[in-house]
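A closer look at the structure
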Amino acid sequence: MENATESELTAEVLRRLAATPDPRLREVMQALLRHLHGFAREVRLTEDEWMAGIRFLTAIGHITDERRQEFILLSDTLGLSSLVDMITHGTDQSEVTESTVLGPFYVPDAPWREPGESTAIGGPPGEPVLVRGQVRSAAGDPLPDAVLDVWQAAPNGRYDVQDPEQPAGNLRGRFRAGDGGRYEFRALRPADYPVPDDGPVGRLLAATGRHPWRAAHIHVIVTAPGHAGLTTHVFDSASRYLESDTVFGVRAGLIRDFAPGPDGCTVDQDFVLRPTGPA
Ligand SMILES: [Fe+2]
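Rules used in this analysis
Residues numbered from 1 in each chain as written. Predicted model: local features only at pLDDT ≥ 70, side-chain atom pairs only at ≥ 80, totals over all residues. Heavy atoms only, no water. Buried < 20%, exposed > 50% of the residue type's maximum accessible area, 1.4 Å probe, protein only. Helix = DSSP H or I, 4+ residues; strand = E, 2+ residues; numbered from the N terminus. Pairing = 2+ DSSP bridges. Phe/Tyr/Trp six-rings, centres within 6.5 Å; stacked < 30°, edge-to-face > 60°. Donors = N, O, S within 2.8 Å, 3.2 Å for Na, K, Ca; no water. Tetrahedral: all angles 85-135°; square planar, octahedral: opposite > 155°, others 65-115°. Core = buried A, V, L, I, M, F, W, Y, C linked by side-chain atoms within 4.5 Å. Contact = heavy atoms within 4.5 Å. Polar contact = N/O pair within 3.5 Å; in protein donor to acceptor, adjacent residues only side chain to side chain. Axes fitted to C-alpha atoms, helices over the stretch in contact; angles between N-to-C directions. Parallel < 35°, antiparallel > 145°, perpendicular 65-115°, else oblique. Nonpolar A, V, L, I, M, F, W, Y, C, P; charged D, E, K, R; others polar.

With that settled, consider the pairing of strand β3 (residues 172-176). One face of the sheet, then the other: side chains in a regular strand alternate in exactly this way. Buried residues dominate β3, accounting for four of its five residues. Bridge count between strand β2 (residues 147-151) and β3: five bridges; the pairing is antiparallel. Directly across from V147, in β3, lies its bridge partner R176.

Following this line, the structure appears as structure tokens:
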């Protein structure tokens, strides 16, 4: 037998995947390996660099647990999460509210709270904020059965799951919309914060001359019967990092003024969902 050339090796790897029963798995794996081999050939990847990559991915796995999701953080900081969001939901969001990345700090089953209640149940103090608006369908119909699942970092820039000073569930909550699809909840004005940069993703950001900061935001997942779920943020227009958000998550239609008032600030944000079928 004759030794394969570089390109013959790639062709043989792809050929061995040709019998993959699931056609989508076959398509994804063949494209992934075509690009992976192409990348290694393009940069003439050395054995030391290959081993550094193995060690990097191993470190990502080791630091990941129930409270820290370094793989999502890696995907976010590489822009891949944002790209998948764009592929899934499109970039023309003129009829529905723009979506953006989930991020690594979502915790399912947040506490249910009453309309108008504050998600701030302890931890660092901050400027109170009232967030209010309407949830409606793209056709304009209000969605009184909508649920908003909200979460955010405290004014010290840390989520409850990162911070022993905060009670579990601080600055998280689920709220039901009411008559006319109207909703409101109270929280604290979010701060710009750095993504966790004491692990492998932080080292990669530093090595590539990038800052770890995210533009101040409140996360929201809005769901309603008969409509596609919306995973999005509300960004503070006063943030310094709207142009350089480290996870590429800012969308123009999600930037809001946090209007100051005597009892804190108020944010008006409607959420418009795409119908999927009968409710
Ligand atoms: Fe966040």
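Past the structure itself, the notes keep going.
Here we come to the packing of aromatic side chains. In the structure shown here, the tally under the stated rule is seven aromatic pairs. Ring centres of Y159 and Y193 lie 5.4 Å apart, and the angle between their planes is 85°; this geometry places the pair in the edge-to-face category. Placement of the pair is Y159 in the loop between β2 and β3 and Y193 in strand β5 (residues 193-194), with a sequence separation of 34 residues. Each member of the pair Y159 and Y193 is classed as buried. Summarising the aromatic geometry, the rings of Y183 and F185 are spaced 6.2 Å apart at their centres and angled 25° between planes, so their arrangement reads as stacked. For F185, a relative accessible area of 1% corresponds to the buried category.

Here the focus is the coordination of the iron ion. Tetrahedral metal sites with four donors have an ideal angle of 109.5 degrees; octahedral sites with six donors have ideal angles of 90 or 180 degrees. Every protein donor of the iron ion is listed here as Y159 (OH), Y193 (OH), H217 (NE2) and H219 (NE2), and their distances to the metal cover 1.9 to 2.1 Å. Around the iron ion, the four donor atoms are arranged such that angles at the metal cover 90 to 161°; this shape is classified as irregular. Site description for the iron ion: donor spacing in sequence, Y-x33-Y-x23-H-x1-H. Taken as a pair, Y159 in the loop between β2 and β3 and H219 in strand β7 (residues 217-223) lie far apart in primary sequence, 60 residues in all.

A few words on the nonpolar core. Core analysis: the largest hydrophobic core is formed by 23 residues, its most contacted members being V135, L148, Y183, F185, V220, V222 and F271. When residues of this core are traced back to their parent elements, those giving at least two are β1 (128-137), β2, β4 (182-188), β7, β8 (230-236), β11 (264-268) and β12 (271-273). If near-sequence neighbours (up to four positions away) are discounted, V222 is found in contact with V135, V147, L148, G229, L230, F271 and L273. Grouped together as the second largest cluster of nonpolar side chains are eight residues, V101, V201, L205 and V247 included.

Topologically, D192 is positioned in the loop between β4 and β5. Sequence separation of D192 and F235 is 43 residues, and the distance between their C-alpha atoms is 9.9 Å. At 2.8 Å, the side chain of D192 and the backbone nitrogen of A216 are in polar contact.

A few words on the sheet that holds β7. What the five strands build is an open sheet, ordered β3-β2-β7-β8-β9; its pairing is mixed. Bordering the open sheet on either side are β3 and β9 (255-256), each of which pairs with just one other strand.

On to the packing of helix α3 (residues 47-63) against helix α4 (residues 70-77), then. Interaxial distance between α3 and α4 falls to 8 Å at its minimum, and their mutual angle equals 130°. The orientation of α3 relative to α4 falls into the category oblique. Residues F56, L57, I60, G61 and I63 of α3 lie in contact with α4, whose contacting residues are E70, F71 and L74. Taken together, the residues of the contact of α3 with α4 sort by class into six nonpolar, one polar and one charged.

Below, the discussion takes up the packing of α4 against helix α6 (residues 200-207). At a minimum axis separation of 9 Å, α4 and α6 run at an interaxial angle of 25°. The angle between α4 and α6 falls in the class roughly parallel. Counting all contacts with α4, which are made through E70, L73, L74 and T77, the residues of α6 involved are P200, V201, L204 and L205. Considering only residue class, the contact of α4 with α6 consists of six nonpolar, one polar and one charged.

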